[in-house]
Amino acid sequence: MKVEYKKLKEYEDKHGIIYYIIIGIIIGIASVLPAFSGGGMAVAFNIYDKLIFTINECLRLLKYIILPSDDFINKYIKKEKNIRYNLFQRIKIVIVSGLKNYGNFVISIFIGILLSIVLLAKFLNYALDIKPLLTTAIFLGLLIGTVPKMFYEAKSSKDLNIKENNKRKNKIINISIFSLILIVVSFITIKGGSIVNNGNANNNESINGFFDLIITGGLIALFSIIPGVSWALILMLIGNYKGFLEIINKGEMLKLGIIFVGIIVTAIPLVKLMEKLLKKYKQKTFYGILGFVIASIIKITVDTLILSKVKLKYALLLIIVIAISAVISYYLINLIQKNETKDKKI
């Protein structure tokens, strides 16, 4: 039985495969640095909404294999009445439809992300071994440079169905969310101990436990989907960042497989939830993210400049490095934003 497939014009790619691989590489670099956010970079390049929608649509296609729906599949194929497809035909329809409509975009993005993570992991692991405090100071400066952009996003975004007379109440709620997350995260991370100790990276050399690997994958999925927060930063705060880089560098496939399971199990429900949150409570979501980032900055600053007990001259050098990195980060994000604004106008 021959199936005639549809090419959906509304989801047609305006850019080629090379463009999306390059964007994927940039997103991957942002993801693996404990300062930038891959999700935030996707927002900057104006592909975040498309990426979330595409992943959701691919999940709906997979659902069709188990629960066939004529209303859904008619979107992708020219189907005659009263035709029922068997399991193998449905699998073929899902694969061909997915590749035809979303393949170039999704595969190119993920190839770029994987390339950059694999290539950067070795360098970052080496940098944390040789100059942990200096490397952490660079990460801190890059993170500080993202704050003005996040604050602008939080202030300018809007929640749905907010009436004029409720604006003041909404503002109080937003500030409360920001303050609560800032206090709670600051307390938990500072109480948890220093990420650097006497000039050495205080991160686990390896991640061995099954549940520890699953949690690592879950955190990577969670903070990849949430724009504005770096999963690499979270792994650094809990002491798993260097261990994760070691797993990539050594090519430990079993551990990577377990981490991947954690990513999939966490990502499937979260993609749908994040789509709803950004539609209904975008401003509250961004204020929560901002609170988390400020708390992370406080934590890393305390660890790098105070708990590390470095000499005054080296502390001044670290402050200069932080300041330079923050300026570079700020102008880089502004440059990306300006280019995207030009593309939208064109």
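Since the model is a prediction, treat every value here as computed from it, not as a measurement. (Residues numbered from 1 in each chain as written. Predicted model: local features only at pLDDT ≥ 70, side-chain atom pairs only at ≥ 80, totals over all residues. Heavy atoms only, no water.)

## Looking at the side chain of asparagine 240
- For asparagine 240, the location among the structural elements is in the loop between helix H9 (231–238) and helix H10 (241–250).
- The exposure class assigned to asparagine 240 is buried, which follows from its relative accessible area of 2%.
- Among the polar contacts made by the side chain of asparagine 240, one reaches the side chain of aspartate 212 at a distance of 3.2 Å. (Helix = DSSP H or I, 4+ residues; strand = E, 2+ residues; numbered from the N terminus. Buried < 20%, exposed > 50% of the residue type's maximum accessible area, 1.4 Å probe, protein only. Polar contact = N/O pair within 3.5 Å; in protein donor to acceptor, adjacent residues only side chain to side chain.)

## So, a nonpolar patch on the surface
- On the surface, Leu87, Phe88, Ile91, Ile95, Leu99, Ile107, Ile111, Leu115 and Leu119 cluster together into a nonpolar patch covering about 880 Å² of accessible area.
- As for its placement among the helices and strands, isoleucine 91 is situated in helix H5 (residues 87–130).
- The class for isoleucine 91 is partly exposed, based on a relative accessible area of 31%. (Patch = residues over 30% accessible without salt bridge, like charges linked within 9 Å, V, L, I, M, F, W, Y side chains within 5 Å. Areas by Shrake-Rupley, 256 points an atom, 1.4 Å probe, with all protein chains shown as cover. Salt bridge = Lys/Arg side-chain N within 4 Å of Asp/Glu carboxyl O.)

## Points about the confidence of the model for the protein chain
- Residues with a pLDDT of 70 or more make up 79% of the protein chain, whose mean pLDDT is 76.
- Overall, residues 197–204 carries pLDDT values under 50, and its contacts beyond four positions in sequence, including any with other chains, amount to 25 contacts. (pLDDT = per-residue confidence, 0-100. Contact = heavy atoms within 4.5 Å.)

## As for the packing of helix H1 (residues 17–32) against H5
- Closest axis-to-axis distance for the H1/H5 pair is 6 Å, and the angle between their directions is 40°. Between H1 and H5, the interaxial angle falls into the category oblique. Taken as a pair, H1 and H5 cross one another with a handedness that is right-handed. In this structure, H1 contributes Ile17, Tyr20, Ile21, Ile23, Gly24, Ile25, Ile27, Gly28, Ile29 and Val32 to the contact, and H5 contributes Asn104, Phe105, Ser108, Ile109, Gly112, Ile113, Ser116, Ile117, Leu120 and Leu124. (Axes fitted to C-alpha atoms, helices over the stretch in contact; angles between N-to-C directions. Parallel < 35°, antiparallel > 145°, perpendicular 65-115°, else oblique. Left-handed = near helix turned anticlockwise from the far one by under 90°.)

## Observations concerning the pattern of salt bridges
- For the structure on display, the rule yields three salt bridges.
- Across the salt bridge formed by glutamate 246 and lysine 242, the nearest N and O atoms sit 3.7 Å from each other. Placement of both glutamate 246 and lysine 242 in helix H10 is noted, with a separation of four residues, approximately one turn of the helix. There is no split in this pair, since glutamate 246 and lysine 242 are both buried.
- Between lysine 250 and glutamate 246 there is a salt bridge; the shortest N-O distance is 3.8 Å. On the criterion of helical spacing, the pair formed by lysine 250 and glutamate 246 is a turn pair, its members being four residues apart in helix H10.
- For lysine 250, a relative accessible area of 58% corresponds to the exposed category.
- Judged by relative accessible area, which is 12%, glutamate 246 ranks as buried.

## A closer look at the packing of aromatic side chains
- For the structure on display, the rule yields five aromatic pairs.
- Ring centres 5.0 Å apart and planes at 85° place the aromatic pair tyrosine 20 and phenylalanine 105 in the edge-to-face group. Of this pair, tyrosine 20 sits in helix H1 while phenylalanine 105 is found in helix H5, placing the two residues 85 residues apart along the sequence. For the residue pair tyrosine 20 and phenylalanine 105, the accessibility class agrees, reading buried in each case.
- Both rings, one in tryptophan 231 and one in phenylalanine 244, keep their centres 5.4 Å apart while their planes meet at 85°; by these two values the pair is edge-to-face. Highlighted residues: tryptophan 231 in helix H9 and phenylalanine 244 in helix H10, separated in sequence by 13 residues.
- Note on tryptophan 231: relative accessible area 3%, which makes it buried.
- Within the aromatic cluster, the residues linked to one another by ring pairs are Tyr19, Tyr20 and Phe105. (Phe/Tyr/Trp six-rings, centres within 6.5 Å; stacked < 30°, edge-to-face > 60°.)

## Notes on the environment of leucine 115
- Within the fold, leucine 115 resides in helix H5.
- On a C-alpha basis, the gap between leucine 115 and isoleucine 25 in space is 6.7 Å, while along the polypeptide they are 90 residues apart.

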